[in-house]
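Tertiary structure, described
If you want the building blocks of each chain, they are given just below.
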Amino acid sequence: MPQINDPLAVYIHWPYCARICPYCDFNVYKRKADDALLPAILSDLKHWRELTGPRTISSIHFGGGTPSLMTPAQVSQVIDIVAELWTFYAPEIALEANPHEMNAEDWRGYRAAGLTRLSLGLQSFHDPALKFLGRDHDGTTAQAALDMALDIFPSVSTDLIFGWAGQTLDMLSDDLTRILDAGTQHISTYQLTIEDGTAFAKAEDRGQSRAVDADQSADLYDHVCAILKAAGFEHYEVSNFAKPSHRSKHNLAYWQGIDYVGVGPGAHGRVTLGNKRQATIAHLTPGGYTRAVTETGSGIDSCDTLTGADWATEYLLMGLRIDEGISLTRYRNLSGKDLDRDELNALIGDGLLRRVDDRLCATSNGRLLLNAVTERLLLA
Ligand SMILES: C[S@@+](CC[C@H](N)C(=O)[O-])C[C@H]1O[C@@H](n2cnc3c(N)ncnc32)[C@H](O)[C@@H]1O
Ligand code: SF4
């Protein structure tokens, strides 16, 4: 049974964007006036408090969509209500911002409201790349937004997309050098993925390639790892690199199996109620979500109890993504059994896993083959 001191992360999904990027399959909608969404989010948070009971907030993350379309007053209302509802002691409070919407007054307003971290969707500094990716900012705006973010927030993270068709190692080095020169403390690097139903998927179907092939992508990823390691970044998760003490507490909650509530259209949550772990999903569309909150007090659309085996599997899949790995005791307590000893030793022998006392971690080679490694462990 979770106690008051047990950490709870809060995810707020703001689904609107100024325009929809051709590669994106997140739960997003073209921006429109919507006065009902914020009140619904605030009410939904109150409902969540009834479910979780008293807990200590470890992080609040405004994701999207484009939460930098929210006004500082809206962001402040969310933070204030979370602080009223749960115990609140210096949590990480982060917001995802698009460079196109950069605005010193708003960003200073976010900082005054309590934001400790800005996560900037830079993607690249190259104008042709940004155009190709369908972004609404150019390299000059990217640089100005990064400098402004570093000026205002104690911790700044940048998202970089690599692996777009035509990208060379030199272009990637150039993007990384500019991010490093600015003094960014955290970098998330995502390999361009062609998601079903996106404009990029349709282009690929017409034979127009949007992403590099797997070999080129592996070379680009190795290049990112080498450059960021040399620059003193900790490669603490497959796609994430941080200067010491700048890891994303919120994302770590997902990977470490800490409880999080998901509020806003389509948001996912994982919350331990009693001694059962619940997987929740909020109503998908902004209209459906606000209607559900108005009619029932809650935005939750589905709530499924995970079995011990499901919970253990999720803990393993998420935990092997991070450098600290998983606790074998916790895995056994959740699943009711140990991992297969022979398969475990074989994977350690192959140099894909490492065991230190109770912790099991993926090596850097293991991280490259993580799907195959976890499949071998779980099917043994
Ligand atoms: C939820 S998005 C929101 C960030 C913000 N709206 C933006 O676009 O700048 C978080 C990040 O996921 C990454 N991303 C989204 N779709 C992707 C895809 N198909 N392939 C690779 N990275 C992707 C981008 O780097 C993006 O910044
Ligand atoms: S990548 Fe960001 S800005 Fe583009 S559609 Fe997705 S959430 Fe919106």
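This one's a predicted model, so the numbers in the text were calculated from it and none came from an experiment.

Definitions and limits used
Residues numbered from 1 in each chain as written. Chains lettered and ligands numbered in written order. Predicted model: local features only at pLDDT ≥ 70, side-chain atom pairs only at ≥ 80, totals over all residues. Near = placed C-beta within 6 Å. Helix = DSSP H or I, 4+ residues; strand = E, 2+ residues; numbered from the N terminus. Nonpolar A, V, L, I, M, F, W, Y, C, P; charged D, E, K, R; others polar. Domains from an automatic or database assignment. Pairing = 2+ DSSP bridges. Core = buried A, V, L, I, M, F, W, Y, C linked by C-beta atoms within 7 Å. Buried ≥ 20, exposed ≤ 12 C-beta atoms within 10 Å, placed from the backbone. Contact = placed C-beta atoms within 7 Å. Axes fitted to C-alpha atoms, helices over the stretch in contact; angles between N-to-C directions. Left-handed = near helix turned anticlockwise from the far one by under 90°. Parallel < 35°, antiparallel > 145°, perpendicular 65-115°, else oblique. Right-handed = clockwise from strand over helix to strand, strands pointing away.

With respect to the site of ligand 1
- Looking at ligand 1, there are 16 residues lining it, with Tyr23, Gly121, Asp159, Tyr190 and Thr193 nearest.
- Among the elements of the structure, β4 (56-64), β6 (117-123) and β7 (155-162) are those that each provide at least two residues to the shell around ligand 1.
- Partitioned by chemical class, the residues of the shell around ligand 1 number six nonpolar, seven polar and three charged.

Observations regarding the site of ligand 2
- Around ligand 2, the structure places Cys17, Ile20, Cys21, Cys24, Phe26, Val28, Gly64, Gly65, Thr66, Asn98 and Gly121.
- Of the residues belonging to the shell around ligand 2, the class tally is six nonpolar, five polar and no charged.

Digging into the domain arrangement of the chain
- One can read the domain layout of the chain as domain 1 (7-253) and domain 2 (309-379).
- On a C-alpha basis, the centroid separation for the pair domain 1 and domain 2 is 28 Å.

Describing the sheet that holds strand β15 (residues 326-327)
- Spatial strand order, β15-β17-β16: three strands in an open sheet with antiparallel pairing. Whereas interior strands pair on both sides, the edge strands pair on one side only; in this sheet they are β15 and β16 (353-356).
- Examined bridge by bridge, β16 and strand β17 (residues 359-362) share four bridges and lie antiparallel to one another. Note that in β17 the partner of Arg354 across the bridge is Cys361.

Quick look at the nonpolar core
- With 80 residues, the main nonpolar core has Val10, Ile12 and Val263 as its most contacted residues.
- The residues contacting Ile12, other than those within four sequence positions of it, are Ile41, Ile60, His61, Phe62, Val78, Val263 and Gly264.
- Counting 16 residues, the second largest nonpolar core, distinct from the first, contains Leu316, Ile326, Tyr331 and Leu334.

Quick word on the packing of helix α6 (residues 169-182) against helix α8 (residues 214-230)
- With their axes 10 Å apart at the nearest point, α6 and α8 run at an angle of 35° to one another. Handedness of the α6/α8 crossing: right-handed. Counting all contacts with α6, which are made through Leu169, Leu172, Ser173 and Leu176, the residues of α8 involved are Asp219, Leu220, His223, Val224 and Ile227.
- For the contact of α6 with α8, the per-class residue count stands at six nonpolar, two polar and one charged.

Regarding the packing of helix α1 (residues 37-52) against helix α2 (residues 72-85)
- In the contact formed by α1 and α2, the axes pass within 10 Å of each other and the chain directions differ by 15°. The angle between α1 and α2 places the two elements in the roughly parallel class. At the point where α1 passes α2, the crossing takes the right-handed sense. On the side of α1, the interface is formed by Leu38, Ile41, Leu42, Leu45, Lys46 and Arg49, while α2 contributes Gln74, Gln77, Val78, Ile81, Val82 and Leu85.

With respect to the pairing of strand β8 (residues 186-191)
- Relative to β8, β7 runs parallel, the two being bridged by six bridges. In the strand pairing of β8, Leu160 is matched with Thr189.
- The β-α-β motif built from β7, the intervening α6 and the parallel element β8 has right-handed crossover chirality.
- Relative to strand β10 (residues 240-242), β8 runs antiparallel, the two being bridged by three bridges. Directly across from Ile187, in β10, lies its bridge partner Phe241.

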